[in-house]
Amino acid sequence: MIKIAITKGRIEKQVCQLLAKQGFDMDPIFHKDRELLIETKDGIQMIFAKSNDVLTFLEHGIVDVGFVGSDTLMESDYDDYYEMLDLEIGKCFFALCAYPEYKEKHFERRKKIASKYTKVAKEYFARQREDVEIIKLEGSVELGPVVGLSDAIVDIVETGSTLKANGLEVIDKVADVSTRMVVNKVSYKYKRDEIFKLINALKGEE
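First, a word on scope: everything that follows refers to the structure included in this document. Since we're looking at a predicted model, the values are computed, not measured. (Residues numbered from 1 in each chain as written. Predicted model: local features only at pLDDT ≥ 70, side-chain atom pairs only at ≥ 80, totals over all residues. Heavy atoms only, no water.)

Regarding the side chain of aspartate 155
Then, number 1: Structurally, aspartate 155 is set in strand β9 (residues 152-157).
Then, number 2: The buried charged residue aspartate 155 lacks any salt bridge partner; its closest oppositely charged side chain belongs to lysine 116, at an N-O distance of 7.4 Å.
Then, number 3: Sequence-distant contacts of aspartate 155, defined by excluding residues within four places in its chain, comprise Phe93, Phe94, Ala95, Tyr117, Val141 and Glu142. (Helix = DSSP H or I, 4+ residues; strand = E, 2+ residues; numbered from the N terminus. Buried < 20%, exposed > 50% of the residue type's maximum accessible area, 1.4 Å probe, protein only. Lys, Arg positive; Asp, Glu negative; His and termini not counted. Salt bridge = Lys/Arg side-chain N within 4 Å of Asp/Glu carboxyl O. Contact = heavy atoms within 4.5 Å.)

In structure tokens form, the structure reads like this:
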């Protein structure tokens, strides 16, 4: 049996569709109600969790494999895993966003940057060799510049419609984001065949 933790929602749906195309029995998952853990006849036990919890289950050896967005991986301090596959689904990107005048504005003080992803934001500005103040927001990060809390934001951009609706634009692309398959290092040692069967299926090689 291989144990998998998968991010609920879009990642869950897209990964399970890929596995179903390769003949895996995903019907119990497609037709689940509120179950948080399901076993299939293919010897897969799947846990449905929030993205950060996927990494927690992986870290503590509760699961062998995790499916999670690279945004979660970049923001997490946990890195003791093998990243086995970029599924190239759930694509979006991190960006520095602000009002258009941000690009030409001369700041006499430290810039204020709002973000849910404070680690990603800090690392971006460290690469730019800029000393800025990072303000953590959990909700609609676009509110930062709108209400005057921050000069700009670092956030995930998909369609850009929310930015546009609030007069903001992408100033700089920070990093690409997509769904990744990560594996517990101990599981990789003892369940290598099962793990590679899963990888080959997701790559369409089975």
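Section: the packing of aromatic side chains
Then, number 1: As enumerated under the stated definition, the model contains six aromatic pairs in all.
Then, number 2: Measuring from ring centre to ring centre gives 4.9 Å for phenylalanine 94 and tyrosine 117, while their planes differ by 75 degrees; the resulting arrangement is edge-to-face. Taken together, the positions of phenylalanine 94 in strand β6 (residues 92-98) and tyrosine 117 in the loop between β7 (112-115) and α5 (118-127) put the pair 23 residues apart, joining distant regions of the chain.
Then, number 3: Judged by relative accessible area, which is 0%, phenylalanine 94 ranks as buried.
Then, number 4: You can call tyrosine 117 buried: its relative accessible area is 12%.
Then, number 5: Summarising the aromatic geometry, the rings of tyrosine 124 and phenylalanine 125 are spaced 4.9 Å apart at their centres and angled 80 degrees between planes, so their arrangement reads as edge-to-face. Each member of the pair, tyrosine 124 together with phenylalanine 125, is buried.
Then, number 6: Members of the aromatic cluster, joined through ring pairs, are Tyr82, Tyr188 and Phe196.
Then, number 7: If you follow lysine 173 out to its NZ or CZ, it ends over the ring of phenylalanine 93, 5.4 Å from the centre. (Phe/Tyr/Trp six-rings, centres within 6.5 Å; stacked < 30°, edge-to-face > 60°. Lys NZ or Arg CZ within 6 Å of the ring centre and 35° of its normal.)

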